[in-house]
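Each chain, written out:
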Amino acid sequence: MAILVLGGAGYIGSHTVYELIEAGRDVVVADNLLTGFREAVHPKARFYQLDIRDRGALDTLFQAEQIDGVIHFAASSQVGESMSNPLKYYDNNLYGTMVLLQAMTAHGVDKIVFSSTAATYGEPERVPILEDDRTVPTNCYGETKLSMERMMSWTSRAHGLRYVALRYFNACGAHPSGTIGEAHDPETHLIPLILQVPGGKREKISIFGDDYSTPDGTCIRDYIHVTDLAQAHILALDYLLHGGENNVFNLGNGVGFSVKQVIDVARKVTGHPIPAEICPRRAGDPAQLVASSEKAKSVLGWKPEYDSLETIVSSAWNWHKSHPNGYNT
């Protein structure tokens, strides 16, 4: 029986496929390659180029493959774009997931691990954030992800689907081998943006606000290495395969680092001065987002291995140095 990874040519999806293959699993990857890269797909995985909104293509895949469980990364994920083009997010994220769940139900596939997000919480009531804290998203991206969780919950009641939603914080870093890594266009994540300075792609890094109620005035975020995220998806799938009930887990290091701290570590790792410029705050940026991952650790047995910020930045720099133009190098 195979594991189907939807969005397996994307950043977190491709790393999860690598971890599954290394663990000896049989893996099928499906991706429409709009934001993913064929070069990122592990050569031992069977690849289908399809869009999850295409019910016929999904039916063909489920008929051709014996799928035991699904890991679902196929969604649009740019917060800013979700605010300027919300209907795209409802179409790709919500409608796409609806079609996927219809196909899974029709073909008797009843286990899914879902890539959710800390954006489901909105402005946190407390730090660290717990899974049962209130969910009031402040952007359309978070709203669609929360709606996808609810769609799975109702589908579970009606059709016996079992699901795990993984709400993770700031994914970062690259595969230790340097074979695959982060490549977005446009890039919006802090660490690769910082590394574009020593990489010669920008002159300076912008810091959006230095007057937050944090020790150095800049936003604090929880950074989690992409390989640790990948391992959590595999543990969550095994949890379902061994009879685990529907569940939601936060994934993070449980430690927050400020924008200035991340820049300082990048300066140390790269040996580059990395000039920084203070800019006005961005609308909707919470001062702190830090996860409590105690539930994932106790229930799933998850333990982040790459939890040092220097290790995270070093792995990202290793990738960006050897792939200055991403997969187009």
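Structure shown above.
Chemist: I keep staring at the overall build of the chain and nothing clicks. Help me out?
Modeler: In terms of regular secondary structure, the chain is built from 10 helices and 13 strands. The C-alpha radius of gyration of the chain comes to 19 Å, within 12% of the 20 Å expected for a compact globule of 329 residues. Each principal axis of the C-alpha atoms in the chain carries an extent, and together these give about 55 × 45 × 40 Å. In the chain, buried positions account for 57% of the 329 residues.

Chemist: Just to check I follow, could you spell out the environment of Y306 for this structure?
Modeler: Its location among the elements puts Y306 in the loop between helix 9 (294–300) and helix 10 (309–322). For the pair formed by Y306 and L130, sequence separation is 176 residues and the distance between their alpha carbons is 22 Å. For Y306, the contacting residues outside a window of four places in its chain are P176, H225, T227, D228, T311 and I312.

Chemist: Even after reading the chapter, I still don't get the packing of helix 8 (residues 259–270) against helix 10, so can you show me in this structure?
Modeler: Between two packed helices, what matters for the description is the angle formed by their axes and the separation of those axes. Taken N-terminus to C-terminus, the directions of helix 8 and helix 10 make an angle of 60°; their axes are 9 Å apart at the nearest point. As summarised for this structure, helix 8 and helix 10 are arranged oblique, according to the angle between their axes. Of the two elements, helix 8 crosses helix 10, and the hand of that crossing is right-handed. Across the interface between the two elements, Q261, V262, V265, A266, K268, V269 and T270 of helix 8 pack against L309, E310, V313, S314 and W317 of helix 10.

Chemist: Would you mind going over helix 10 with me for this structure?
Modeler: Spacing of three or four residues puts side chains on the same side of an α-helix, whose turn is 3.6 residues. For helix 10, spanning 14 residues, the distance from its first C-alpha to its last is 20 Å, which sits close to the expected 20 Å at 1.5 Å a residue. Buried within helix 10 we find L309, I312, V313, S315, A316, W317, W319 and H320. Where helix 10 begins, one side-chain oxygen reaches toward the backbone nitrogen of E310, 3.2 Å away; that side chain belongs to S308.

Basis of the calculations
Residues numbered from 1 in each chain as written. Predicted model: local features only at pLDDT ≥ 70, side-chain atom pairs only at ≥ 80, totals over all residues. Heavy atoms only, no water. Helix = DSSP H or I, 4+ residues; strand = E, 2+ residues; numbered from the N terminus. Rg over C-alpha atoms; globule rule 2.2 N^0.38 Å. Buried < 20%, exposed > 50% of the residue type's maximum accessible area, 1.4 Å probe, protein only. Contact = heavy atoms within 4.5 Å. Axes fitted to C-alpha atoms, helices over the stretch in contact; angles between N-to-C directions. Parallel < 35°, antiparallel > 145°, perpendicular 65-115°, else oblique. Left-handed = near helix turned anticlockwise from the far one by under 90°. Expected span 1.5 Å × (residues − 1). Polar contact = N/O pair within 3.5 Å; in protein donor to acceptor, adjacent residues only side chain to side chain.

These figures come from the coordinates and say nothing about function on their own.
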